[in-house]
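# Notes for the structure review
The lines below spell out each chain.
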Amino acid sequence: MSEVTVALRYAKALIDLAAEQKAVEAVKDDMELFLKTVKANPELGAVLANPIISHSKKVNILADVFGAKVGKVTIAFLNIMVNKGRGEVLYTTANEFIGLYDVKNHITNARVTTAAPLSAANKQKMLADVQAAIGGTVKLTDKVDPKLIGGFVLTVGDRQVDTSIATSLKKLKKDFAQAAIK
């Protein structure tokens, strides 16, 4: 079974448990903290995934790092995962949990890539336009890629709008090349 499939099953179980305990929001915040912490400290992810390190040592590490910062449901879940030998899928499980939470709460993730940083007003306008177009709540993340030269690339789900100058130049170059062949 693939890592994502296993992680999705655990994430579904966690979201059900959190709903039962009326702690979905708290667990979501805990999972975001877990993801942020592991991303900032890849050594922690490596330790959790390492089969040579004992389960008890991993549980102690999790308690030291997250014990006072996360709820009882979250720390119990992390401990169960480690004790079942699933430490290597904890990060993916946390990602899948956030994805399930977003689906359950009708939250759409969108990403805008621009050549220069967006101003707060432009980001707010982009967010408002995307929300008006698709309805519901949108989480917009922005990224800067100077290679775009100008314009933006907006990705919402599996759809993409590319108004970048770099793409326009590539298309123009391709059109000229095809015209020269004819």
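Preceding block: the structure.
Let us look at the structure shown here. In this text the structure is predicted, and so the values were computed from the model without any measurement.

With 32 residues, the main nonpolar core has Val27, Phe34, Leu62, Leu90 and Phe97 as its most contacted residues. At the level of elements, α1 (3-20), α2 (24-40), α3 (42-49), α4 (55-66), α5 (72-83) and α6 (90-104) are the ones that each hand at least two residues to this core. Apart from the residues within four sequence positions on either side, Val27 is in contact with Leu14, Ala18, Val73, Thr74 and Phe97. In this structure, Met126, Leu127, Val130 and Leu154 belong to the second largest nonpolar core, which totals nine residues.

The strand order across the open sheet built from four strands is β2-β1-β3-β4, with neighbouring strands paired in mixed fashion. Taken across any chain shown, the strands that pair with only one partner, and hence form the sheet edges, are β2 (137-144) and β4 (159-162). Ignoring which end each strand starts from, the neighbouring axes of this sheet average 15° apart. Looking at chain direction, strand β1 (residues 107-114) and strand β3 (residues 152-156) are connected through five bridges and run antiparallel. Of the residues in β3, the one forming a bridge with Thr113 is Val153. Across the sheet, helix α7 (residues 120-134) touches β1, β2 and β3, and the angle it forms with β2 is around 140°.

What counts, and where the lines are drawn
- Residues numbered from 1 in each chain as written.
- Predicted model: local features only at pLDDT ≥ 70, side-chain atom pairs only at ≥ 80, totals over all residues.
- Heavy atoms only, no water.
- Core = buried A, V, L, I, M, F, W, Y, C linked by side-chain atoms within 4.5 Å.
- Buried < 20%, exposed > 50% of the residue type's maximum accessible area, 1.4 Å probe, protein only.
- Helix = DSSP H or I, 4+ residues; strand = E, 2+ residues; numbered from the N terminus.
- Contact = heavy atoms within 4.5 Å.
- Pairing = 2+ DSSP bridges.
- Axes fitted to C-alpha atoms, helices over the stretch in contact; angles between N-to-C directions.

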